[in-house]
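# Structure assessment
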Amino acid sequence: MLLQKNLGPQELIYLLNAARKHIILARFKDGQRLDMEFLEGLRHMLRHSDLEVVEWALRTVEECGAQAVLLAKDVRAVRPSVFSLWRARNRTILELVTLLQRRWDPVHDQKR
């Protein structure tokens, strides 16, 4: 619902941090899964044009536990190219993507 509003990058980052601290932790504390609507919102944020929003979306995906695997394809799609690594933000994004992929590789190896 909030994604339908036209929010700026700073507001989106604030929402992502609030989601990490309140929504995700509360759901896991209660033993409930995250809603698909929430995961779809994260998927949308991973495609944002502002790299800082993408970085914080990846940090939020990292907090989603096992359900983050549902976003694996989208996370791989935001992996920056080698030529863009001169930017500090792209290096951070690459580190986060690599961290998530290392977590997921054992999961994907078991399915094969």
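Below is a summary of the structure that appears in this document. Computed from a predicted model, the values in this text were never measured in an experiment. (Residues numbered from 1 in each chain as written. Predicted model: local features only at pLDDT ≥ 70, side-chain atom pairs only at ≥ 80, totals over all residues. Heavy atoms only, no water.)

## Comments concerning the nonpolar core
Which entries qualify depends on this criterion: The nonpolar core is taken to be a set of buried Ala, Val, Leu, Ile, Met, Phe, Trp, Tyr and Cys residues, with the residues joined through side-chain atoms within 4.5 Å. Type-normalised accessible area, obtained with a 1.4 Å probe on protein chains alone, sets the label of each residue: buried when under 20%, exposed when over 50%, and partly exposed for intermediate values. Strands are runs of DSSP state E lasting at least two residues, helices are runs of H or I lasting at least four, and both sets are numbered from the N terminus onward. Here a residue-residue contact requires only that any non-hydrogen atoms of the pair lie within 4.5 Å.
Ranked by size, the top nonpolar core spans 28 residues in total, and within it Phe 38, Leu 42, Leu 58, Val 61, Cys 64, Val 75 and Trp 104 carry the most contacts. Of all the secondary structure elements, the ones that give two or more residues to this core are helix 1 (9-29), helix 2 (36-46), helix 3 (51-62), helix 4 (72-77) and helix 5 (88-111). Those residues within four positions of Phe 38 in sequence are excluded, and the remaining contacts are Ala 19, Ile 23, Ile 24, Thr 60 and Cys 64.

## So, the environment of Leu 34
In this structure, Leu 34 sits in the loop between helix 1 and helix 2. Here the alpha-carbon distance between Leu 34 and Cys 64, two residues 30 residues apart in the chain, equals 7.8 Å. Setting aside residues up to four positions removed in sequence, Leu 34 forms contacts with Ile 24, Arg 27, Phe 28, Leu 39, Cys 64 and Gln 67.

## Quick look at the pattern of salt bridges
This is how it is decided: For this document, the term salt bridge refers to a Lys or Arg side-chain nitrogen within 4 Å of an Asp or Glu carboxyl oxygen.
Enumeration over the complete set of coordinates arrives at eight salt bridges. For Asp 74, the salt bridge goes to Arg 43, with nearest N and O atoms at 2.5 Å. Here Asp 74, found in helix 4, pairs with Arg 43, found in helix 2; they are 31 residues apart in sequence, far enough to count as distant. The pair Asp 74 / Arg 43 is uniform in exposure class, with both members buried. The residue Glu 55 makes a salt bridge to Arg 59 at a minimum N-O spacing of 2.8 Å. Placement of the pair is Glu 55 and Arg 59 together in helix 3, with a separation of four residues, close to one helical turn. On the accessibility criterion, Glu 55 (5% relative accessible area) is buried. Look at the salt bridges and you will find they share partners, linking Glu 40, Arg 43, Arg 47 and Asp 74 into a network.

## Some details on the packing of aromatic side chains
Aromatic rings considered in pairs are described by the distance between their centres and by the relative angle of their planes. Stated formally: Working definition: a ring pair exists when centres of Phe, Tyr or Trp rings (six-membered ring for Trp) sit within 6.5 Å. Plane angles under 30 degrees give stacked, over 60 give edge-to-face, the rest tilted. We call a charge positioned above a ring when the Lys NZ or Arg CZ atom is no farther than 6 Å from the ring centre and deviates by at most 35 degrees from the ring normal.
Using the criterion set out here, one finds zero aromatic pairs in the structure. The ring of Trp 56 has Arg 59 sitting right over it, with the charged end atom 5.0 Å from the ring centre.

## Quick notes on helix 3
Cut-off, in case you're wondering: How far a helix is expected to stretch is found by multiplying one less than its residue total by 1.5 Å. Pairs of N or O atoms within 3.5 Å make up the polar contacts considered here, provided that, within protein, one atom can donate a hydrogen while the other can accept it, and that residues adjacent in sequence are counted only when both atoms are side-chain atoms.
For helix 3, which comprises 12 residues, the first-to-last C-alpha distance of 17 Å matches the rise-based estimate of 16 Å (1.5 Å per residue) to within 8%. All of the buried residues in helix 3 are Val 53, Val 54, Glu 55, Ala 57, Leu 58, Thr 60 and Val 61. Regarding helix 3, its N-cap is Asp 50, as a side-chain oxygen of that residue lies 2.8 Å from the backbone nitrogen of Glu 52 further along.

## Regarding the environment of Ile 93
Of note, Ile 93 is situated in helix 5. Once you skip the residues sitting within four places of it in the chain, Ile 93 turns out to touch Leu 51, Val 54, Glu 55, Leu 58, Val 78 and Pro 80.

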